[in-house]
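Each chain, letter by letter, is given below.
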Amino acid sequence: MPASWTSRGSVLIRLARQHFAFYRGYLDGLDLRLLAERYPGGDAAVPGKEAGTASAKGLLDWITQQLLMEAERCGQRSAARLLRLRPEQTAAKKRDADLPTLAEFQEERDPYHMYSEIELLELFELEYPDRTGNAERLAQRNRRLRRRQEAMLQLIESRIRLEPGLDDPVVAWIDPRLAAYLLKAHIVTLGDLHATIEAYGFHWYRKVPRIGVKAARHITGWLLLPATRDALGVALSTRGITPPRQIQIEQVNPAAKGLDILPLERLSLPDRLSGVTGSNRGSSASIAATNDIEAIQAWLSQMQAGSHTARACRKEAERFLLWSVLEAQKPLSSADATEVRAYLHFLSQLGRQSPEAWKLHHRTPQKNWLGPRGVDRWSVRWRPFEGPLSTASQRAALSLLKGLMRFLHATGYLQSDPSAGAKIVAGPALESDDKDGHRKAVLQDEWTAAWSYLESQPRSAQSLRIKVILLLMVETGCRLQQLARMQRGGLSCNGSQWRLRLGADESPSGTVVVSKDLHDALVEIFGYHGFNDLDSVPPSTPLISAITTDLRRNPIVHALSGSRIYRIVKDFFNKVAAEVDNTDPSLAARLRQVSVDSFIHRE
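In this report, we go over the structure that sits alongside the text. Remember, predicted model here, so these are calculated numbers, not experimental data. (Residues numbered from 1 in each chain as written. Predicted model: local features only at pLDDT ≥ 70, side-chain atom pairs only at ≥ 80, totals over all residues. Heavy atoms only, no water.)

**Focus on the overall build of the chain**
Stated formally: Helix and strand definitions here come from DSSP, where helices need a minimum of 4 consecutive H or I residues and strands a minimum of 2 consecutive E residues; each element is numbered from the N-terminal end. Burial here depends on accessible area, computed with a 1.4 Å probe over protein chains only, as a share of the maximum for the residue type. Under 20% is buried, over 50% is exposed, and the range in between is partly exposed. Contacts are assigned to residue pairs with any non-hydrogen atoms lying within 4.5 Å of each other. Note on areas: Shrake-Rupley, 1.4 Å probe, and residue coverage restricted to the protein chains presented here.
A count of helical and extended segments in the chain gives 28 helices and three strands. Evaluated residue by residue, the chain yields a buried proportion of 48% over its 603 residues. Sequence-distant contacts in the chain: of pairs separated by 6 or more residues, those separated by 24 or more amount to 63%. In the form shown here, the chain has an accessible surface area of approximately 30500 Å², with 50% of it arising from carbon and sulfur atoms.

Structure (structure tokens):
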């Protein structure tokens, strides 16, 4: 077997039904390039490409070699040479073309007509003894050869397994080098491969390092063959075989509509939330819109379809509509200035709170709003947000939302503009960081990778400390020096709820709810230092402390400097990046950029 799948013209390493069909076509005299267009492997489908014929020949050589090996396994070693023979159709034509007619023979051998006709025929027979029935005998020979070849092919087909299954490992069917790349991306079986293509769509190979577009096209082509599809029992959907820009969402799943976190095209709202009876509806609108979704579509129709502006406007209108019907439980046309301010607060908090703290003030779990980047709108993994929004992104969201509201008010769809006067309030620290471009908010997939890595590490004082640091950064959003100054005295319990004071301000806005995860991590780390519970910890004890070996005998806890905390966080995310570097290099690159500043969302 050739070392490279490109040289043998197939990503597969074992015979499948399409290979037998390919070989039968070859024995019947069909053109190799035409055959290669029907089956995976090679570049023959690209017109005018010389490499196509070479690749098709490589595929033919590989199939022939595999057939000979299988014939020997079937005990037909002596008959295996039949598969190398090809009917002599071209040779027959050449022989017939070289045979002269009787008139031509007489002109050459008897120009003076010295022989009688009988004598001339005897001379012709003597010189060309095989000319009688030559073409017919050759045709009979070819038919006998093809019958014996077909019998051999059927015997091999009956003895080997040609049909794959979803539980088959990828290494059993696909080139070892390609299969190794798939395994690194946790694609173990053909079922995993099919699910990956369905999840990520046409560009699924971008999630698998070292798998290029050519190999991906051949793998997908094999899965699309009727024989493979019938054997697996599943078929690739439109989104798995069509470039995203060429897909209409109705082609993918036209029935998937409802009231949930869904793209605008799939959102189906009941009358109470659709805006048909919105409290802010105008009496005479100049646009033909009976509900809020139609009003948004009327706004978007003014923009160039497919443009960046249209996509950005649709995204922000979609986000506000989803928040309005799911969180505020009001139609968009019933929202007032209070709802707009609540939405802006929602944007500032999303992705920056623990699940427990988020659940206290929101109906929909925080994780339901967040998803990985680069997911198609028709995917079940689609979400309206990828992670926390920076101040600049929040301002951009408000600007586009104001554009929508001004349009609806100007056309008479809304009586008043609820976004008038709304603005993003940010402290000077946030603004300066955004202008300098040093802020990089942590996305959901980055946080998930970091937390999964931490949970996989052995339990130790160091792992407990980094857990406390991570949770404090996420739940407080404070700057580095504020984290270093946090002490046990800032913790207070009101019934069953613990709160942490962030500064000298005693007002509720100056405190945050402590999640159960953070509370338990603090109890554990202080237990390592020799304290039985939080009540026994002195108020001046720092929440982020140094780790020493003699603290159990002398429970004096020393605070860490801001620079030391910064280095601990950077080292941790570098370790996480090294862990995922082989499976997702782009995620690893983003993890290496994370620092304490990435979590700041307070002054």
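So, next bit.
**Looking at the packing of aromatic side chains**
Put simply, the rule reads: A pair of aromatic rings is counted whenever rings of Phe, Tyr or Trp (Trp by its six-membered ring) have centres within 6.5 Å, and the orientation is called stacked for planes under 30 degrees apart, edge-to-face for over 60 and tilted otherwise. Here, a charge over a ring means that NZ of Lys or CZ of Arg falls within 6 Å of the ring centre while also lying within 35 degrees of the ring normal.
Considering all chains together, one arrives at 17 aromatic pairs under this definition. Relative to tyrosine 343, the ring of phenylalanine 320 lies with its centre 5.0 Å away and its plane at 85°, an arrangement referred to as edge-to-face. Here phenylalanine 320 is found in helix H17 (residues 308–328), whereas its partner tyrosine 343 is found in helix H18 (residues 337–349), with 23 residues between them in sequence. No difference in accessibility class separates phenylalanine 320 from tyrosine 343, as the two residues are buried. The rings of Phe320, Trp323, Tyr343, Phe346, Trp358, Trp369 and Phe385 are connected pair by pair, giving a single aromatic cluster. A cation over an aromatic ring shows up here: arginine 14 above the ring of tryptophan 173, its NZ or CZ 4.1 Å from the ring centre.

**Some points on the environment of glycine 527**
Inspection of the secondary structure assignment puts glycine 527 in helix H26 (residues 516–528). The partly exposed category is assigned to glycine 527, whose relative accessible area is 26%. The spacing of glycine 527 and valine 537 is ten residues in sequence and 9.6 Å in space, taken between C-alpha atoms.

**Focus: helix H16 (residues 292–300)**
Put simply, the rule is: Identification of polar contacts relies on pairs of N or O atoms within 3.5 Å, with a donor-acceptor requirement for protein atoms, meaning one able to donate a hydrogen and the other able to accept it, and with residues adjacent in sequence counted only if both atoms are side-chain atoms.
In terms of burial, H16 is a largely internal element, seven of the nine residues being buried. Those residues of H16 that fall on the buried side of the exposure criterion are Asp292, Ile293, Ala295, Ile296, Ala298, Trp299 and Leu300. In this fold, the buried residues of H16 make contact with helix H15 (271–274), H17 and helix H21 (391–410). Its side-chain oxygen placed 3.2 Å from the backbone nitrogen of isoleucine 293, asparagine 291 serves as the N-cap of H16.

**Digging into the pairing of strand E1 (residues 491–494)**
Note the cut-off: Note on pairing: DSSP must find at least two bridges between two strands before they are called paired.
Across four bridges, E1 lies against strand E2 (residues 497–501) in antiparallel orientation. Among the inter-strand pairings, asparagine 494 is bridged to a residue of E2, identified as glutamine 497.

**With respect to the pattern of salt bridges**
Between side chains of opposite charge, pairing is possible as soon as their charged atoms come close. Rules: For salt bridges, the criterion is a side-chain nitrogen of Lys or Arg within 4 Å of an Asp or Glu carboxyl oxygen.
Counted under the stated rule, the structure contains 18 salt bridges. For arginine 314, the salt bridge identified is with glutamate 265, shortest N-O distance 3.8 Å. Note that arginine 314 is positioned in helix H17 and glutamate 265 in the loop between helix H14 (249–252) and H15, a separation of 49 residues in sequence. For glutamate 265, a relative accessible area of 28% gives the class partly exposed.

**Quick look at the sheet that holds strand E3 (residues 511–513)**
Basically, it comes down to this: To obtain each axis, a line is fitted to C-alpha atoms, and for helices this fit is confined to the stretch in contact; angles are then taken between N-to-C directions over 0 to 180 degrees.
Taking strand neighbours across the sheet as the criterion, the three strands line up as E1-E2-E3 in an open arrangement whose pairing is antiparallel. Of all the strands in the sheet, the pair left with one neighbour each is E1 and E3. Each neighbouring strand pair of the sheet contributes to a mean axis angle of 30°, computed without reference to strand direction.

**Some points on unusual backbone geometry**
Of note in the backbone geometry, histidine 186 takes a positive phi value of approximately 65° without being a glycine. Although it is not a glycine, arginine 210 sits at a positive phi angle of roughly 75°. Here arginine 210 lies in the loop between helix H10 (190–200) and helix H11 (213–224).

**A short note on a nonpolar patch on the surface**
This is how the line gets drawn: Here, patches come from residues exposed beyond 30% relative accessible area and free of salt bridges, joined within 9 Å for like charges and within 5 Å for nonpolar side chains (Val, Leu, Ile, Met, Phe, Trp, Tyr).
Together, Tyr112, Met114 and Tyr115 make up a nonpolar patch on the protein surface, roughly 440 Å² of accessible area in all. Looking at where tyrosine 112 falls in the secondary structure, it is placed in the loop between helix H6 (102–109) and helix H7 (117–127). For tyrosine 112, a relative accessible area of 69% translates into the label exposed.

**Examining the side chain of arginine 319**
Mapping arginine 319 onto the fold places it in helix H17. For arginine 319, a relative accessible area of 7% gives the class buried. A distance of 3.1 Å separates a polar atom in the side chain of arginine 319 from a polar atom in the side chain of glutamate 316. Sequence-distant contacts of arginine 319, that is, excluding residues within four places in its chain, are made with Tyr343, Pro384, Phe385 and Leu389.

**Describing the pairing of E2**
Of the two faces of E2, only one is covered, namely that formed by Trp498 and Leu500; the face formed by Gln497, Arg499 and Arg501 stays uncovered. The antiparallel pairing of E1 with E2 creates a hairpin that spans two residues between the two strands, and glycine 495 there sits at a positive phi of about 75°. Pairing between E2 and E3: three bridges, direction antiparallel. Following the sheet pairing, arginine 499 is matched in E3 by valine 513.

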